[in-house]
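One letter stands for each residue in the lines below.
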Amino acid sequence: LEKTTPYLVVTDLFFKDMEEGEIWNKLKENIHIENILIVSPKISNELGTKVMREGAIDYIIAPVEKEQLKLILAKLKLKNKKIFSHYREFITRNQK
């Protein structure tokens, strides 16, 4: 991940031999990722609030249902479409 900038990262927050949320801190410190989706079988309210406040697009309690994932991906697509639209409008205005 340090050599690339992925469009979307889907990750759990719990890994063997890591503290709760340590992967979140590593992702936020080491690389610039705009879209992080947390999927975990368990997540404390405190950690869930923290990741949302710090920029996760959402978090889902596993197992993930197909419709739930489709909804989140649709929201992400809409968000990025709006960003692209504003960027295109800005570029157009500043080329004159």
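Remember, it's a predicted structure, so these values are computed and weren't measured experimentally.

Caption draft 1: Quick peek at the overall build of the protein chain. Check the secondary structure of the protein chain and you find three helices and three strands. Relative to its 96 residues, the protein chain shows a buried fraction of 27%. Within the protein chain, residue pairs in contact and separated by at least 24 positions form 51% of the contacts whose partners lie at least 6 positions apart. Of the roughly 7300 Å² that the protein chain leaves accessible, carbon and sulfur atoms contribute 55%.

Caption draft 2: View of the confidence of the model for the protein chain. Confidence along the protein chain averages 79 in pLDDT terms, with 83% of residues attaining 70 or more. Between the elements of the protein chain, mean pLDDT differs from a low of 77, seen in helix α3 (residues 66–94), to a high of 87, seen in strand β2 (residues 36–40).

Caption draft 3: A look at helix α2 (residues 45–53). Among all positions of α2, only L47, G48 and V51 are buried. Down the axis, α2 shows its buried residues gathered within 100° of arc, on one side only. Residues of α2 that are exposed and point over 90 degrees away from its buried face: N45, E46 and R53. Downstream of α2 by a residue or two, G55 has a phi angle that is positive, lying close to 120°.

What counts, and where the lines are drawn
Residues numbered from 1 in each chain as written. Predicted model: local features only at pLDDT ≥ 70, side-chain atom pairs only at ≥ 80, totals over all residues. Heavy atoms only, no water. Helix = DSSP H or I, 4+ residues; strand = E, 2+ residues; numbered from the N terminus. Buried < 20%, exposed > 50% of the residue type's maximum accessible area, 1.4 Å probe, protein only. Contact = heavy atoms within 4.5 Å. Areas by Shrake-Rupley, 256 points an atom, 1.4 Å probe, with all protein chains shown as cover. pLDDT = per-residue confidence, 0-100. Arc of directions from axis to C-beta.

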